[in-house]
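# Structure assessment
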Amino acid sequence: MRHHKLALCKEHYLEWIPAQTARFIKKYWMFGPDERVLVAVSGGKDSLSLWDILWRLGYQVDGLYLGLGIDGEAGYSTESHRLTEKFAIERGLKLHVVDIQQEYGASIPMLAEKSRRGQGRPCSVCGVAKRHEMNRIARDFGYDVLATGHNLDDEVAVLFANSLAWSVDLLRRQEPVLHESDGLARKVKPLCRFYEKEMAAYALLRGIEYIYEECPFAIGSTSIYYKEMLNRLESDRPGAKLAYYVKFLESKKNGMFSPPTSQEFILTPCPQCGQPTSADGLCSFCKIVRKT
Ligand code: AMP
Ligand code: FES
Ligand code: ZN
C-alpha cells in the first residue's frame, strides 16, 4: 500500500482491515455494539467483505439483497443472488431478499423503459429503487442503521463529479454517515476510506466468492470514466485520492459550506408509501412504479 507506505503479509492484512474498519466506525460515530445493522449486499467484493468484517467484529448484522432483474448474457442478478445466499448460508447469517419484479410487477429494466428517467440507461431508476427499498426494509424491520459497501474509489468519483458541477447540496450531503430523520434510516459507509484494490485483496485473501462482473449497464458510464482518470492520478501520485477525500471531509467540518437554510429540507410523507419526499405528491419511486 504505497499510499500508507505499508506492506503487510496475509495474516496481518486480514487483521488490519477489520481493525481499521472498527476505527472508522468509531471515528465517524456510525453505530455502537448494541445497535442492529442492516448491510445492503450486492454480491460484489465490497458489500460481501463489509458483511464479513462487521460479523467478525461482533456487530449484530443482517443482510439485504435486492433482486433487480438485470440478467443479460452473464446472468448478473441471478449470479449475484446465488453468491450472496451462499455467503449467508456458510456463516449462518440472516439475509432478507426482495425481488423488485415480484414486489412491484416489473424488474428494473422494465421500470426504466416506462420512465423518462430511464431513457438510455436504467441506472438512475435503479438508484431510486435501491434507496427506496433499502430504507423500507431498514424501517419495517426496525434496524438502527443501514450500511452500504461504498469504497474510497466510489466516494472520490462522486466527489469529483459533484465538484466539477459545484453541486453544493450534494457535496454537503456526501458524508460517511447520514443521520436518521423522520422515516429515513441512518446510512453509513464503513469502507469509505479503503481503496477498491484493498477491498478486492481482502475478499480474495479471505476466500470470499464474489461476482467479478460489473452491472452490464455500468459499462461506459461517466463514473467509470472518472474512476479511470483518478486511477491515472493515483498511479503518479500515490495517496492523492485518499487525501482528496479526507481533506474534503475536514474542510467541511471547518465550515467550508454554510449550513442549509431549513427551507431546503422540507420533506413530507409520500401519500402512497409513506416515505419522506421533497416532491409535492408521490415520491420518485412511486411515480416510476405507477407508470408500469
Ligand atoms: P453501487 O450503487 O452498485 O455502486 O453499489 C453501492 C452499494 O449499494 C453496494 O456496496 C451495496 O452495499 C449496495 N447495493 C448495490 N446493489 C445492491 C443490491 N442489488 N442489493 C443490495 N444492496 C445493493
Ligand atoms: Fe442498477 Fe446497474 S442499473 S446496478
Ligand atoms: Zn412513495
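Residues numbered from 1 in each chain as written. Chains lettered and ligands numbered in written order. Predicted model: local features only at pLDDT ≥ 70, side-chain atom pairs only at ≥ 80, totals over all residues. Heavy atoms only, no water.

Overall, the coordinates contain nine aromatic pairs when judged by the stated rule. Summarising the aromatic geometry, the rings of Y210 and Y212 are spaced 4.7 Å apart at their centres and angled 50° between planes, so their arrangement reads as tilted. Of the residues examined, Y210 reaches a relative accessible area of 9% and is grouped as buried. Site record: aromatic cluster; members linked through ring pairs are Y13, W16, F24 and F194. Over the aromatic face of Y28 sits the side chain of K27, whose NZ or CZ is 5.7 Å from the ring centroid. One cation-aromatic arrangement involves R36 over Y143; the distance from NZ or CZ to the ring centre is 4.1 Å. (Phe/Tyr/Trp six-rings, centres within 6.5 Å; stacked < 30°, edge-to-face > 60°. Buried < 20%, exposed > 50% of the residue type's maximum accessible area, 1.4 Å probe, protein only. Lys NZ or Arg CZ within 6 Å of the ring centre and 35° of its normal.)

Okay, the packing of helix α7 (residues 152-164) against helix α10 (residues 222-236) next. As a packed pair, α7 and α10 sit with axes 9 Å apart at the nearest point and diverge in direction by 105°. Considered as vectors, α7 and α10 are oriented roughly perpendicular to each other. Two secondary-structure elements touch here, α7 through D153, D154, V156, A157, F160, A161 and L164 and α10 through S223, Y226, K227, M229, L230 and N231. In terms of residue class, the contact of α7 with α10 is built from eight nonpolar, two polar and three charged. (Axes fitted to C-alpha atoms, helices over the stretch in contact; angles between N-to-C directions. Helix = DSSP H or I, 4+ residues; strand = E, 2+ residues; numbered from the N terminus. Parallel < 35°, antiparallel > 145°, perpendicular 65-115°, else oblique. Contact = heavy atoms within 4.5 Å. Nonpolar A, V, L, I, M, F, W, Y, C, P; charged D, E, K, R; others polar.)

Next up on the list: the side chain of N135. With respect to the helices and strands, the residue N135 is situated in helix α6 (residues 123-140). Residue N135 is classed as buried on the basis of its relative accessible area, which comes to 2%. Within the structure, the side chain of N135 is placed 2.8 Å from the backbone nitrogen of A185, a separation counted as a polar contact. Non-local contacts of N135, meaning those with residues more than four positions away in its chain, are made with G183, L184, A185 and Q275. (Polar contact = N/O pair within 3.5 Å; in protein donor to acceptor, adjacent residues only side chain to side chain.)

Our focus in this paragraph is the sheet that holds strand β5 (residues 177-178). The six strands lie next to each other as β3-β2-β1-β4-β6-β5, forming an open sheet whose pairing is mixed. The sheet terminates laterally at β3 (95-99) and β5, the two strands that pair on one side only. Pairing of strand β2 (residues 60-67) with β3 involves five bridges; the strand directions are parallel. Paired with G63 across the strands is L95, a residue of β3. Helix α2 (residues 45-56) contacts β1 (36-40), β2, β3 and β4 (145-147) of the sheet and is inclined by roughly 160° relative to β1. The strands touched by helix α3 (residues 76-91) are β2 and β3; relative to β3, the strand with the most contacts, the crossing angle is about 165°. (Pairing = 2+ DSSP bridges.)

Around ligand 1, the surrounding shell holds 13 residues, and the nearest of these are A40, V41, L64, L66 and G149. Here a nitrogen atom of ligand 1 sits 3.3 Å away from a polar atom, N or O, in the main chain of V41. In the environment of ligand 1, a nitrogen atom lies 2.9 Å from a nitrogen or oxygen atom belonging to the backbone of L66. Coverage of ligand 1 by the protein amounts to 77% of the 480 Å² it exposes when considered alone. Sorting the residues of the shell around ligand 1 by element identifies β2 and α6 as the ones contributing at least two each. With three residues, β2 is the single largest residue contributor to the shell around ligand 1. (Near = heavy atom within 4 Å. Areas by Shrake-Rupley, 256 points an atom, 1.4 Å probe, with all protein chains shown as cover.)

With that settled, consider the nonpolar core. One finds F31, W51 and L54 to be the most contacted residues of the largest nonpolar core, which totals 52 residues. With six residues, the top contributor of residues to this core is helix α1 (residues 10-27). Excluding anything up to four places from it in sequence, W51 contacts V39, V41, V61, D62, G63, T84, F87, A88, L93, K94 and L95. With 33 residues, the next largest nonpolar core counts V98, C126, Y143 and I211 among its residues. (Core = buried A, V, L, I, M, F, W, Y, C linked by side-chain atoms within 4.5 Å.)

Time to look at the coordination of the zinc ion (ligand 3). Protein ligation of the zinc ion (ligand 3) involves C270 (SG), C273 (SG), C283 (SG) and C286 (SG), the donor distances falling in the range 2.3 Å. Angles of 105 to 114° at the metal separate the four donor atoms of the zinc ion (ligand 3), which places the site in the tetrahedral class. Along the chain, the residues donating to the zinc ion (ligand 3) fall in the pattern C-x2-C-x9-C-x2-C. Separated by 16 residues along the polypeptide, C270 in the loop between β7 (268-269) and β8 (276-277) and C286 in helix α12 (residues 284-290) bring together distant segments of the chain. Owing to a relative accessible area of 3%, C270 belongs among the buried residues under this scheme. (Donors = N, O, S within 2.8 Å, 3.2 Å for Na, K, Ca; no water. Tetrahedral: all angles 85-135°; square planar, octahedral: opposite > 155°, others 65-115°.)

With that settled, consider the pairing of β1. With four of five residues buried, β1 is to be regarded as a mostly interior element. Pairing of β1 with β2 involves five bridges; the strand directions are parallel. Along β2, the bridge assignment pairs V39 with G63. Traced from β1 through α2 to β2, the parallel crossover comes out right-handed. Where β1 and β4 come together, three bridges link them in parallel fashion. Looking at the pairing, V37 lines up with V145 of β4. (Right-handed = clockwise from strand over helix to strand, strands pointing away.)

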